[in-house]
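Listed here are the chains, written in short residue letters.
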Amino acid sequence: MNRKAKIIGTGSYLPERILSNQDLEKMVETSDEWIVSRTGMKERRLAREDEFTSDMGAKAALAALKDSGLSPQDIDFILVATTTPDYPFPSTACLIQQQIGAKQAAGLDVQAACTGFIYALSIAKAFVETGAYKNILIVAAEKLSAVTNYKDRSTCILFGDGAGACIVSSTGKGLGIECVELGCDGEQANLLMMPAGGTRCPASKETVENGLHYIKMAGNEVFKHAVRRMEAACKECLEAAGSSEEKVTYLIPHQANMRIIDAIAKRFEHLPPERVFKTVQKYGNTAASSVAIALDELAKTYVIQQDDQILLTAFGGGLTWGAALLSGRK
Ligand code: UT7
């Protein structure tokens, strides 16, 4: 029996509210010129105060279900990649299961920071191809504005909110998940983290006063790791799949910074710049959601051909990284 895992539908949701570079100029000492030249970002989206990670995730999930032709009752497992869950527990997967009415589904959250969507693809592929589950909903959703310090100019210019989703199944037409390569390095855990709110440093008056519930990042260090790790993950993934960069139609890298994306692209001499898919200028860095949102935008703006190959890669706190190779519609 052919149980090859395929992405049979995609969806995304971006909140309406826009935070522009001009808005940020009024909040911290920065400039549109600095932000554009150092990050390529012009604007990002912000969720409403009463709109949470699960709400955005549920909207993206319903769009992906519609695209796949399945109903919520067809889903038997939900994987949610997020760094900003509604609660420490229960999982955001349970909240989304309730919101979309996927009554038959089990679910769990995947914590791999910005690489969460690629990690979730690997789990979904294994579940589908072993026959453990048939139709898996992957949601990548983030409300990063809730954990961003809008007084810290080195981080607040970067992050945005939003959600992407896809349905992974062995039946129906879709993008084959050919290969997924993953990695992590806990030695570098302190480079990108939220220091408080876990068991090591539980929430208290002091943790709030000291701003320990916000994202902390050693930007420069993270930058170097991001370029090296994503390049290596892509090359390992292509090799493991028996493919090569000449065959890649589109590269979708994590949308953390235009300079990181350009630096990776330069390391692929056979991949022209127009084949590197970018949303960073309009959505900023949406962490786990970024690749999922970009994949949905690519699928909606480009008719994917049978012999196309789409390479996804991401990198984030942990440190974590990964790459996935998708093949054209079958
Ligand atoms: O999603 C997970 C992965 N995340 C990433 O991969 C992000 C990786 N890092 C980055 O994207 C970049 O490191 C940043 C965009 C965060 C920072 O860019 P940078 O070119 O690495 O700048 P920097 O941190 O080296 O700072 C250079 C200068 C500093 O001033 P001094 O010390 O040279 O006087 C900063 O204080 O720029 C200053 N600066 C700013 N100036 C104006 C930092 N943020 C700002 C700002 N506006 N918003």
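The model shown is predicted, which means the values in this text are computed figures rather than measured ones. Position numbers for residues count from 1 along each chain, tracking the sequence in the order it is written. Only residues with pLDDT of 70 or above have their local features reported here, since the model is predicted, and side-chain atom pairs are shown and tallied only from 80 upward, although totals for entire chains, interfaces and linings are computed over all residues. As a convention, hydrogens and water are excluded, and side-chain values are obtained from all of the structure's heavy atoms.

Asks: Outline the overall build of the chain, listing residues and values.
Replies: Numbering of helices and strands runs from the N terminus, with a helix taken as a DSSP run of H or I at least four residues long and a strand as a DSSP run of E at least two residues long. Helix and strand content of the chain: 11 helices and 13 strands. Expected size for 330 residues packed as a compact globule is a radius of gyration near 20 Å; at 19 Å, the chain falls within 12% of this value. Across its three principal axes, the chain shows a C-alpha extent of roughly 60 × 45 × 35 Å. The burial tally for the chain puts 55% of its 330 residues in the buried class. Residues count as neighbours in contact if any of their non-hydrogen atoms are within 4.5 Å of one another. Look at the contacts in the chain between residues 6 or more apart in sequence, and 78% of them connect residues 24 or more apart. With C-alpha atoms as the basis for the radius of gyration, the globule rule is written as 2.2 Å multiplied by the number of residues raised to the power 0.38. Accessible area is worked out with a 1.4 Å probe on protein chains only. A residue is then buried under 20% of its type maximum, exposed over 50%, and partly exposed in between.

Asks: Kindly report on the nonpolar core, identifying the contributing residues and their values.
Replies: Core analysis: the biggest nonpolar cluster contains 46 residues, and L251, I260, I264, L311 and F315 have the highest contact counts within it. Examining the composition of this core, we find that nine residues originate from one element, helix α8 (residues 219-240), more than from any other. For each domain, the first and last residues come from an automatic or database assignment. For this core, the two domains that each supply at least three residues are domain 1 (6-173) and domain 2 (178-327). Each residue touching I260, except ones within four places of it in the same chain, is listed here: F223, A226, V227 and M230. Working definition of a nonpolar core: buried Ala, Val, Leu, Ile, Met, Phe, Trp, Tyr and Cys residues. They are joined through side-chain atoms within 4.5 Å. Counting 38 residues, the second-largest nonpolar core is a separate cluster that includes A81, V128, L175 and A299.

Asks: Got a sec to walk through the site of the ligand? Specific residues and values, please.
Replies: For this purpose, a residue is taken to be near a molecule or strand whenever a single non-hydrogen atom of the residue falls within 4 Å of it. The immediate surroundings of the ligand are formed by 23 residues, with T30, R38, N220, N257 and N285 found nearest. Measuring from an oxygen atom of the ligand, one finds a side-chain N or O atom of N257 at 2.7 Å. Areas reported as accessible are Shrake-Rupley estimates using a 1.4 Å probe. Residue values count occlusion only from the protein chains shown. Alone, the ligand offers 940 Å² of accessible surface; in the complex the protein occludes 74% of this. Looking at the shell around the ligand, the elements with two or more residues in it are α2 (32-39), α6 (153-156), α8 and α9 (258-266). The dominant element in the shell around the ligand, judged by the number of residues it contributes, is α8, at four residues. When residue character is reported, Ala, Val, Leu, Ile, Met, Phe, Trp, Tyr, Cys and Pro are called nonpolar, Asp, Glu, Lys and Arg charged, and the others, Gly included, polar. Among the residues making up the shell around the ligand, the classes are represented as 11 nonpolar, eight polar and four charged. When residues of the shell around the ligand are sorted by domain, at least three fall in each of domain 1 (6-173) and domain 2 (178-327). Pairs of N or O atoms are called polar contacts if they sit within 3.5 Å, as long as, within protein, a hydrogen donor faces a hydrogen acceptor (for residues adjacent in sequence, only side-chain-to-side-chain pairs).

Asks: Explain the environment of K151 residue by residue, including any values.
Replies: Counting through the fold element by element, K151 comes out in the loop between β6 (135-142) and α6. Residue classification places K151 among the exposed residues on the basis of a relative accessible area of 76%. Measuring from C-alpha to C-alpha, the distance between K151 and S54 comes to 26 Å, with 97 residues separating the pair along the chain.

Asks: Which residues make up the packing of helix α3 (residues 53-68) against helix α4 (residues 92-100), and what values go with them?
Replies: Where α3 contacts α4, the axes come no closer than 9 Å and their chain directions differ by 55°. Accordingly, the angle class assigned to the pair α3 and α4 is oblique. In this structure, α3 crosses over α4, and the sense of that crossing is right-handed. In this structure, α3 uses T53, S54, D55, G57, A58, A61, L62 and L65 to contact α4, whose residues at the interface are T92, L95, I96, Q99 and I100. Tallied by class, residues from the contact of α3 with α4 come to seven nonpolar, five polar and one charged. Axis definition: a line fitted to C-alpha atoms, limited for helices to the stretch in contact. Angles are taken between N-to-C directions and run from 0 to 180 degrees. Angle categories: roughly parallel below 35 degrees, roughly antiparallel above 145, roughly perpendicular from 65 to 115, and oblique for all the rest. Here a crossing is called left-handed whenever its near helix is offset anticlockwise from the far helix by less than a right angle, and right-handed whenever the offset is clockwise.

Asks: How would you sum up the domain arrangement of the chain? Please name residues and give values.
Replies: When cut into domains, the chain gives domain 1 (6-173) and domain 2 (178-327). For domain 1 versus domain 2, the separation of C-alpha centres amounts to 14 Å. Contact residues are listed per partner, giving 45 residues for domain 1 and 45 residues for domain 2. Note: buried area is the sum, over both parts, of the accessible area (probe 1.4 Å) each one loses when the two are combined. Of all residues in domain 1, C114, I118 and V147 give up the largest surface area on contact with domain 2, accounting jointly for 18% of the area buried on that side. For this analysis, a salt bridge means a side-chain nitrogen from Lys or Arg found within 4 Å of a carboxyl oxygen belonging to Asp or Glu. On the surface where domain 1 and domain 2 come into contact, there are zero salt bridges. The tally of links between domain 1 and domain 2 comes to 22 residue pairs in polar contact (both at pLDDT 80 or more). Elements represented by at least two residues in the side of domain 1 that touches domain 2 include exactly β1 (6-13), α2, β3 (43-46), α5 (116-129), β6 and β7 (162-169).

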